[in-house]
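Next come the chains, spelled out residue by residue.
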Number of protein chains: 2
Amino acid sequence: MKKSALQKARANYQPKLPIVLTGAVKAVEGKPTTSVADQDEIKKLFPNTYGLPELKFEKNPNPGPGKPLNVGVILSGGQAPGGHNVICGLFDGIKKIHRDSRLFGFIMGPGGFVDHKYIELTAPIINEYRNTGGFDIIGSGRTKLEKKEQFDKGLEILKELDIKALVIIGGDDSNTNAAILAEYYKEINAGVQVIGCPKTIDGDLKNDLIETSFGFDTATKVYSEVIGNIERDCNSAKKYWHFIKLMGRSASHIALECGLQTQPNVCIISEEVEAKNMTLQDVVDNIANVVARRAEDGNNFGTVLIPEGLIEFIPAVKKLIAELNDFLAANAAEFAAVAPAQQRTFIIEHLSKENAEVYASLPEGVARQLTLDRDPHGNVQVSLIETEKLLSEMVGKRLAKMKEEGKYNGKFSALHHFFGYEGRCADPSNFDADYCYALGYNAAQLINSGVTGYMSSVRNLVKPSVQWIAGGIPITMMMNMERRNGELKPVIQKALVDLNGRPFKKFAEMRDNWALNTCYVYPGPIQYFGPAEVCDQPSITLQYEHSAK
Amino acid sequence: MKKSALQKARANYQPKLPIVLTGAVKAVEGKPTTSVADQDEIKKLFPNTYGLPELKFEKNPNPGPGKPLNVGVILSGGQAPGGHNVICGLFDGIKKIHRDSRLFGFIMGPGGFVDHKYIELTAPIINEYRNTGGFDIIGSGRTKLEKKEQFDKGLEILKELDIKALVIIGGDDSNTNAAILAEYYKEINAGVQVIGCPKTIDGDLKNDLIETSFGFDTATKVYSEVIGNIERDCNSAKKYWHFIKLMGRSASHIALECGLQTQPNVCIISEEVEAKNMTLQDVVDNIANVVARRAEDGNNFGTVLIPEGLIEFIPAVKKLIAELNDFLAANAAEFAAVAPAQQRTFIIEHLSKENAEVYASLPEGVARQLTLDRDPHGNVQVSLIETEKLLSEMVGKRLAKMKEEGKYNGKFSALHHFFGYEGRCADPSNFDADYCYALGYNAAQLINSGVTGYMSSVRNLVKPSVQWIAGGIPITMMMNMERRNGELKPVIQKALVDLNGRPFKKFAEMRDNWALNTCYVYPGPIQYFGPAEVCDQPSITLQYEHSAK
């Protein structure tokens, strides 16, 4: 593997551990916990792992001798910067407990666990991946670990390798399944602990004790770098409106953080669109009004940030998609027989009046995407919809109408961008490098404490990393019951953007100024070697949420 | 203007000047020059500025007293990282010569010069923009400065402000026009010198004495950062082929440099496609073969770099576009009357057999783009063609056929990216920050030497910046005669990728290995504060071209 100059230099970075984890620790129990909602149901489903106490690590002045630990690790779901450092921290943590400890990595995600594909992660391998981006050390996958047969099959290889603990690095779904697996192994006395680690660039796996998921910091910094560069281009050429879609399927944390970093003219927050029951046309009109107001000042340029999940948060579109899914599933053959040129009319004639109107208002291309590009279950593939083009096309039409009415007299020329894959595997920022390493190292301590069904929790994150607090929280504490594919299931509650939280409120205070005046901020690329105020700042979201409350 | 932490820290960076420019200099004349071709014609067109000698600055132990210089500056054409530092260097250079020197910036490019829109660039303004990306200090524009009336109109404001020299920062076209302007002002004894500076991220303005244009280094580093991140994602998820189009309209220097930096599976070089007289299908087949060979090893993922200008370098497509332009210009009304569903057939029936076949082979969407999206002159807007989608669609079809024939048995799922605006206004790398500052500072010395029609030349660029050589070369030296809009015109010869040059040859040696094996390199983001081997490396293209010959 040929390495870049930066990779070579960065390999020597020593992540800064919370001071408490630099020596032997003891787990101090806090009070028993309850789930965030539906306590009775969750308790019934997790009789062995519900209600456990929060844990906090403290220095242990009289540690006993350590025992070797054999541990397995799985990367689950989409990539996030810092995953390698979780594994490196875990490795160093179990080796510190006992030099004969061993770490096994399952290949290409949960599928490797079920299919018994693994490698032993030895020091030479680990050292190749310190402080690097990507999940390529063992690969990741999207197989859902949720069936008893999978659990039993996986247990065989754990027994074979004498693995006493499994660490699952994943998002809300993967950690939900980690909790179910922990409960099952406890129930059957399998003798295997299960520990989760909070991963996702989307930033929607968080609460009071999990202040942020790892990868969010780095990914949003990469996106903010390129958004800032585009803003500077925009403000130099002064002739384009840039419509920039940002990854982050459900929640708009990424768009909000990038908005706070770069101060664009418009930043849409899906949660607000839903809360205000806005239509697609409302969203379009809002953008068009900003374009028109800027044009009055002679500024025929701007930037618009769009969260990937927007379209599903617009109540009217959500209803339309639901009816379309049902209608097309029930009338697949009939629809397939309709000539392409007639399909739109056919759909409009068969939908309810309300949804037919919404459908008719969509541009041709998007309307086609809604009926043609369907996943294997027959559902619309919303992620394939190019929302950035949809919005700019509709804004263009709206502006043409405003021009006829004498309400707009500018030029509107749009360019489109989508950022996602650019940030998921970036080299972790100092924050994520430290945070991930601490999460992994801390997971080793949780294993050593004998607990199961816990998530590694490192907090106090707006402080310097040596002051961070380390411990664990029962995963069941984060759960509630939600309907999934028609069934009520216990799941970790997703953290959407809180419209009463400080990050959104701060944004809402400033955005009118950003819209009309050009207030762009250019964060530039992530720096690893410079002054602390450049290299070590956590995300603005985290700073607003946790400092100066 | 709210500044990011990096901007604040970076403002203090002091660009490193070539040692010769740190004191008083004298211009030493080399031998007289000739144009690269068409010497008689160029000499006739530039009777006052042709054949001037190369200049090289040397230390001047006995400098006379400096005189105040009033200088005007214009940013012309697309943005490139470091433009602000050229202006800062120019400012510091003329101030060093005499503290009463003044700098005036014309607003939004050559248009501001003609329309008399300007600001005086004083120290407080200059200091706000040191080491920053963008052209927003005075803006840029694409007005072509080529008519006598424009020259005369501009001269009025130069006289009014007592400006004795004009610095034009631009690409090949803008510097061509700078030479014409220099010749004209000399001819009419206007008393105004004109100096050019070599700007363009495309890297196609270079020769022995202009080793690279500024901005190329930074822009390719930004693109390589995100390409590397995508490659790491690609190699972690192992399920997508990423088709990445890169800005750089004509030449493929950007694709080649990014290829050398990141070692993708496929990197297309337009100049090679043209030289080998390849068809679009040849290009597609080459990619499909790499996809199939990787699939045999179980690797259903990869990355493909595509230069923006590719489509125009494919001889067959170039011919098709030429005939389409002529045909549609001559038959606009008739074509407009054809129903959309019949347009494709209509075109095929009316083109020559050879071009009709090429047209018929194109996917529907691209065929439509070729006939519908036309610029005000009636020409196809080639830059709007989504080559990355065109290629992946055709590769998909080819693979389907290979599957039928039993020659391919993999999965092919493609994702698309286009990078351009992300890099044009990035904060300049240390290389570009130094190079641009030196170009501007050096331009001040050229002005002080009394010359006109010269381009600022700073060379020996693979050495540390203190060892760089500073001087000037007559712009006419870079010219030849080319047909533009039907007329033979004197223009600076574009430097396309040299298929016999070391950068391409090195790439060609390694690419088969990159195709089959996964050899990705992850350069990471530009660093400003770290070790020299991370922060101060010039582009690989420059290193191959000028070191260890």
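None of these values were measured; they are calculated from a predicted model.

1. Comments concerning the overall build of chain A
Right, on to step 1. A count of helical and extended segments in chain A gives 22 helices and 15 strands.
Right, on to step 2. For chain A, the C-alpha radius of gyration of 25 Å lies close to 24 Å, the compact-globule estimate for 549 residues.
Right, on to step 3. Taking the principal axes of its C-alpha atoms as reference, chain A extends roughly 80 × 60 × 45 Å.
Right, on to step 4. A buried classification covers 60% of the 549 residues belonging to chain A.
Right, on to step 5. Residue pairs in contact within chain A that sit at least 24 positions apart in sequence constitute 78% of those at least 6 positions apart.
Right, on to step 6. Carbon and sulfur atoms form 49% of the exposed surface of chain A, whose accessible area is close to 20,900 Å².

2. Description of the interface of chain B and chain A
How big an interface is tends to be expressed through the accessible area that disappears when the partners come together.
Right, on to step 1. Between chain B and chain A, the contact holds 59 residues from the first and 59 residues from the second.
Right, on to step 2. Summed over both partners, the interface of chain B with chain A buries about 4,500 Å², with 54% contributed by carbon and sulfur atoms.
Right, on to step 3. In this structure, the connection of chain B to chain A is made through 6 salt bridges.
Right, on to step 4. In this structure, R424 of chain A engages D233 of chain B in a salt bridge whose closest nitrogen and oxygen atoms are separated by 2.8 Å.
Right, on to step 5. Here chain B and chain A share 26 residue pairs in polar contact (both at pLDDT 80 or more) between them.

3. Focus: the pattern of salt bridges
Right, on to step 1. For the structure shown, the criterion picks out 58 salt bridges over all chains.
Right, on to step 2. Bridged by salt links that share partners, the residues K144, D173, E482 and R484 of chain A form one connected network.

4. Topic: helix α15 (residues 340–350) of chain B
Residue and element names in this part refer to chain B.
Right, on to step 1. Within the span of α15, buried status applies to Q343, R344, F346 and I347. The arc that holds every buried residue of α15, seen down its axis, measures 165°, which confines them to one face. Residues of α15 that are exposed and point more than 90 degrees away from the buried face comprise A341 and E349.
Right, on to step 2. Looking at the buried positions of α15, the neighbouring elements they touch are α13 (315–330), α14 (332–336), α16 (353–361) and α17 (364–372).

5. A short note on the sheet that holds strand β10 (residues 302–307) of chain B
Residue and element names in this part refer to chain B.
Right, on to step 1. Strand order in the open sheet formed by 4 strands is β9-β10-β8-β11, and the pairing between neighbours is parallel. Two strands in the sheet have a free side with no partner beyond their single neighbour: β9 (266–267) and β11 (414–419).
Right, on to step 2. In this structure, strand β8 (residues 241–246) lies alongside β11, joined through 6 bridges in parallel fashion. Bridge pairing links K245 to F418 in β11.
Right, on to step 3. Strands in contact with helix α8 (residues 216–237) are β8, β10 and β11; relative to β8, the strand with the most contacts, it is inclined by about 170°.

6. Brief notes about the relation of the copies chain B and chain A
Right, on to step 1. With an RMSD of 0.0 Å, the operation that places chain B on chain A is a rotation of 180° combined with a shift of 0.0 Å along the axis. Such a combination of rotation and displacement between the chain copies is what one expects of a two-fold axis.
Right, on to step 2. A symmetric contact is evident, with 100% of the interface residues of chain B recurring at the interface of chain A.

7. Re the packing of aromatic side chains
Residues and elements named next belong to chain B.
Right, on to step 1. Per the counting criterion, the structure on display carries 30 aromatic pairs over all chains.
Right, on to step 2. Ring plane angle 75° and centroid distance 6.0 Å describe the contact between F104 and Y118, whose orientation is recorded as edge-to-face. Here Y118 lies in strand β5 (residues 118–120) and F104 lies in strand β4 (residues 102–106), a separation of 14 residues in the sequence.
Right, on to step 3. With a relative accessible area of 3%, F104 lands in the buried category.

8. A closer look at the confidence of the model for chain A
Right, on to step 1. With 99% of its residues at a pLDDT of 70 or more, chain A shows a mean pLDDT of 95.
Right, on to step 2. For this predicted complex, the interface score ipTM comes out at 0.96, while the overall pTM is 0.97.

9. What to know about the state of the cysteines
Right, on to step 1. A complete count under the given rule lists 0 disulfides over all chains for this structure.
Right, on to step 2. In this structure C258 of chain A is not part of a disulfide, and its nearest cysteine sulfur, from C267 of chain A, lies 8.1 Å away.
Right, on to step 3. Here C436 of chain B is not disulfide-linked; the sulfur of C197 of chain B is the nearest cysteine sulfur, at 8.7 Å.

About the criteria used
Residues numbered from 1 in each chain as written. Chains lettered and ligands numbered in written order. Predicted model: local features only at pLDDT ≥ 70, side-chain atom pairs only at ≥ 80, totals over all residues. Heavy atoms only, no water. Helix = DSSP H or I, 4+ residues; strand = E, 2+ residues; numbered from the N terminus. Rg over C-alpha atoms; globule rule 2.2 N^0.38 Å. Buried < 20%, exposed > 50% of the residue type's maximum accessible area, 1.4 Å probe, protein only. Contact = heavy atoms within 4.5 Å. Areas by Shrake-Rupley, 256 points an atom, 1.4 Å probe, with all protein chains shown as cover. Buried area = accessible area lost by both parts, 1.4 Å probe. Salt bridge = Lys/Arg side-chain N within 4 Å of Asp/Glu carboxyl O. Polar contact = N/O pair within 3.5 Å; in protein donor to acceptor, adjacent residues only side chain to side chain. Arc of directions from axis to C-beta. Pairing = 2+ DSSP bridges. Axes fitted to C-alpha atoms, helices over the stretch in contact; angles between N-to-C directions. Least-squares fit on C-alpha atoms with pLDDT ≥ 70 in both. Phe/Tyr/Trp six-rings, centres within 6.5 Å; stacked < 30°, edge-to-face > 60°. pLDDT = per-residue confidence, 0-100. Disulfide = S-S within 2.5 Å.

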